[in-house]
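# Summary of the model geometry
Here is what each chain is made of, one letter per residue.
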Amino acid sequence: MMPNSPDQGRDEDRHIVEVANHGLEPDLDAGSSAVGKSKKRHARTDGFTSKDVLDLLVFIINLVLVFTLLRVFVVGAYRIPSGSMEDTIEIGDRVITNRLAPKVMPLRRGDVVVFKDPANWLKSTDSFGSNDLIKRLIGLPGDTVACKGKGSPVTINGVAIDESSYIRKGTQPSDFAFSVKVTEGNVFVLGDNRANSSDSRYHPDDGNNGLVPISRVRGVAFLTIAPIKHFGILHSHHDVFTAIPGAEHS
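Parameters and conventions
Residues numbered from 1 in each chain as written. Predicted model: local features only at pLDDT ≥ 70, side-chain atom pairs only at ≥ 80, totals over all residues. Heavy atoms only, no water. Pairing = 2+ DSSP bridges. Helix = DSSP H or I, 4+ residues; strand = E, 2+ residues; numbered from the N terminus. Salt bridge = Lys/Arg side-chain N within 4 Å of Asp/Glu carboxyl O. Buried < 20%, exposed > 50% of the residue type's maximum accessible area, 1.4 Å probe, protein only. Core = buried A, V, L, I, M, F, W, Y, C linked by side-chain atoms within 4.5 Å. Contact = heavy atoms within 4.5 Å. Patch = residues over 30% accessible without salt bridge, like charges linked within 9 Å, V, L, I, M, F, W, Y side chains within 5 Å. Areas by Shrake-Rupley, 256 points an atom, 1.4 Å probe, with all protein chains shown as cover.

## Digging into the sheet that holds strand β7 (residues 159-160)
The antiparallel open sheet is built from four strands, whose spatial order is β7-β6-β5-β8. Two strands bound the open sheet, and with one partner strand each, they are β7 and β8 (178-181). Sheet analysis places strand β6 (residues 155-156) next to β7, joined by two bridges and oriented antiparallel. The residue of β7 that forms the bridge with T155 is A160.

## What about the pattern of salt bridges?
Under the counting rule described, the total for this entry stands at seven salt bridges. With a closest N to O distance of 3.0 Å, R168 and E86 form a salt bridge. Remark: E86 occurs in the loop between β1 (75-79) and β2 (94-98) and R168 occurs in the loop between β7 and β8; sequence separation between them is 82 residues. Look at R168 and you get partly exposed, because its relative accessible area is 29%. Linking D192 and R136 is a salt bridge whose minimum nitrogen-to-oxygen distance equals 2.8 Å. Of the two residues, D192 sits in the loop between β9 (186-190) and β10 (212-213) while R136 sits in strand β4 (residues 132-139), which places them 56 residues apart along the sequence. Here D192 matches R136 in class, with each residue buried. Bridged by salt links that share partners, the residues E86, D87 and R168 form one connected network.

## Some details on the pairing of strand β3 (residues 112-116)
The buried count for β3 comes to four of five residues, which makes it a mostly enclosed element. Note that β3 and β4 share five bridges and pair antiparallel. Bridge assignment links V114 to a residue of β4, and that residue is I134. The pairing of β3 with strand β11 (residues 217-226) spans four bridges and is classified as antiparallel. Following the sheet pairing, F115 is matched in β11 by V217.

## Considerations on the nonpolar core
By size, the foremost hydrophobic cluster in this structure holds 17 residues, and its most contacted members are I138, V154, I161, F188 and F241. Sorting the residues of this core by element identifies β5 (144-147), β8 and β9 as the ones contributing at least two each. Every residue in contact with I138, bar those within four places of it in the chain, is listed here: R109, D143, V145, V154, I156, E163, Y166, F188, V189, L190, R194 and F241. Core analysis: the second largest hydrophobic core is formed by 14 residues, F115, L133, V212 and I214 among them.

## Some remarks on a nonpolar patch on the surface
Nonpolar side chains collect at one region of the surface, where F48, V53, L57 and I61 lie side by side and expose about 440 Å² of accessible area between them. Within the secondary structure, F48 is located in the loop between α2 (28-45) and α3 (50-74). Assessed through its relative accessible area of 70%, F48 is described here as exposed.

## Some thoughts on the environment of A119
One can find A119 in the loop between β3 and β4. Separated by 92 residues in sequence, A119 and L211 have C-alpha atoms that sit 9.3 Å apart.

## Digging into the pairing of β2
Within β2, four of the five residues are buried, which leaves it mostly tucked inside the rest of the structure. The pairing of β1 with β2 spans five bridges and is classified as antiparallel. Across the sheet, residue V75 finds its bridge partner in β2, namely N98. Relative to β11, β2 is paired through five bridges, and the arrangement is antiparallel. Directly across from R94, in β11, lies its bridge partner A226.

Below, the structure is given as structure tokens:
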């Protein structure tokens, strides 16, 4: 349709331009607001607030508390000064123990146990610089642990055990004969290096027939952590004792 007059045509053209311009015109207020909000958002995430610092302090305190509780009640750490457990544990090795045994977890034949000196067994080369020793648990309450001497295996309740998986190569299960009945509340222990271990065999006159009271066991060693070249699990070799009749743990 043609406009009624030139003026009317110009008015319509002006209206179209104004509408088009309005559509392309930037919203300065909206842009400023968006930039402001962006800056505000950035300001809220830039640096630590007092709450962040407080949360970090609480986290560190909780971490220290958990570590302390684990150290006191769950795990122990020991440096080995003697060769009585070679080659399973060497001089200078550092081992970690599970302190839940025997209070929470039962002891088993084959466990490598750390225990308080039961009856003045210690010599300067045997201790940790404290009052503790480390040996392998061989007999539980009710067991009879025996050996006929050089060339013969250790027997438990009359059953011979094959200790080749942990006893030091070139050593005998025992160079001399012995036979010990393990009484209630005690265990019988031997070092893996039988030729250099002052263990239950050597203390028949200590007032407890060379046995270690379970109450003096401080934990079961399960991990060597140092030096790095020796890092690894300390195996209990429970499979060596599977054929033994009688109680499996205490």
